[in-house]
Amino acid sequence: MEYGTFTEHEEKMYRALQHRRTSTTNMVNEVGLIKENAQVVVSRQNRSVPTLQFVSNGEGTGWDKATWLGFQQTFQQNQNDATLVHIDAAHNLHYTNSKQIAEEIDVFLDSVKRGTNFGYKNM
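All of the points below concern the structure found in this document. Everything quoted here is computed from the prediction, not taken from an experiment.

**Some remarks on a nonpolar patch on the surface**
Working step 1: A cluster of nonpolar side chains, namely M27, V31 and I34, defines an oily patch on the protein surface of about 270 Å² accessible area.
Working step 2: If you trace the backbone, M27 turns up in helix α2 (residues 25-32).

Okay, structure coming up:
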């Protein structure tokens, strides 16, 4: 909402959903398990699946830009076929850069369909 990308109707729906799902027992439990769940992800990665990863500049994450990007680059380096797309915007990219993300996904999926992702550009 702070980015002005919602219509008035969407904003009302967002507020209703946010109030309905915030601070639920499941959400509180999930926050308590963040580090443990991150380790599960690392240990069970399927490194052979082509991956497109959108990365913000870290604003809103509590990490500085270099540290945040470093986390993402480390993850990417541990994959066989991962593409990292850096977008110089705050963490909630899906709100502010949805059009760019959709376009990048289309290009990426086309490259996967062709059987190679070598021509895909990393930003």
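Structure shown, so let's carry the discussion forward.
**So, the packing of aromatic side chains**
Working step 1: Throughout the structure, instances matching the rule amount to 4 aromatic pairs.
Working step 2: Taken together, a centroid distance of 6.0 Å and an interplanar angle of 85 degrees make the contact between Y14 and Y95 edge-to-face. With Y14 in helix α1 (residues 8-21) and Y95 in helix α5 (residues 93-96), this residue pair connects regions lying 81 residues apart in the sequence.
Working step 3: For Y14, a relative accessible area of 22% translates into the label partly exposed.
Working step 4: Aromatic ring contacts, followed pair by pair, group F6, Y14 and Y95 into a single cluster.

**Structural notes on the pairing of strand β2 (residues 82-86)**
Every other side chain in a regular strand lies on the same face of the sheet, so the side chains alternate between the two faces.
Working step 1: Of all 5 residues in β2, 4 are buried, a share of seventy percent or more.
Working step 2: The pairing of strand β1 (residues 51-55) with β2 spans 5 bridges and is parallel. For V55, the partnering residue across the bridge sits in β2 and is H86.
Working step 3: On the question of chirality, the crossover connecting β1 to the parallel β2 by way of helix α4 (residues 65-77) is right-handed.

**Thoughts on the pattern of salt bridges**
Working step 1: Evaluation of the coordinates by the stated rule reveals 3 salt bridges.
Working step 2: Put simply, E8 and K12 hold a salt bridge, and the shortest N to O gap is 3.7 Å. Within this pair, E8 and its partner K12 are both found in helix α1, separated by 4 residues, close to a single helical turn. Like E8, the residue K12 is exposed in the burial classification.
Working step 3: With its nearest N and O atoms 3.6 Å apart, the salt bridge here joins K65 to D88. Pair noted here: K65 is in helix α4 and D88 is in the loop between β2 and α5, with a separation of 23 residues, a long-range link.
Working step 4: K65 sits in the partly exposed class, given a relative accessible area of 43%.

Definitions and limits used
Residues numbered from 1 in each chain as written. Predicted model: local features only at pLDDT ≥ 70, side-chain atom pairs only at ≥ 80, totals over all residues. Heavy atoms only, no water. Patch = residues over 30% accessible without salt bridge, like charges linked within 9 Å, V, L, I, M, F, W, Y side chains within 5 Å. Areas by Shrake-Rupley, 256 points an atom, 1.4 Å probe, with all protein chains shown as cover. Salt bridge = Lys/Arg side-chain N within 4 Å of Asp/Glu carboxyl O. Helix = DSSP H or I, 4+ residues; strand = E, 2+ residues; numbered from the N terminus. Phe/Tyr/Trp six-rings, centres within 6.5 Å; stacked < 30°, edge-to-face > 60°. Buried < 20%, exposed > 50% of the residue type's maximum accessible area, 1.4 Å probe, protein only. Pairing = 2+ DSSP bridges. Right-handed = clockwise from strand over helix to strand, strands pointing away.

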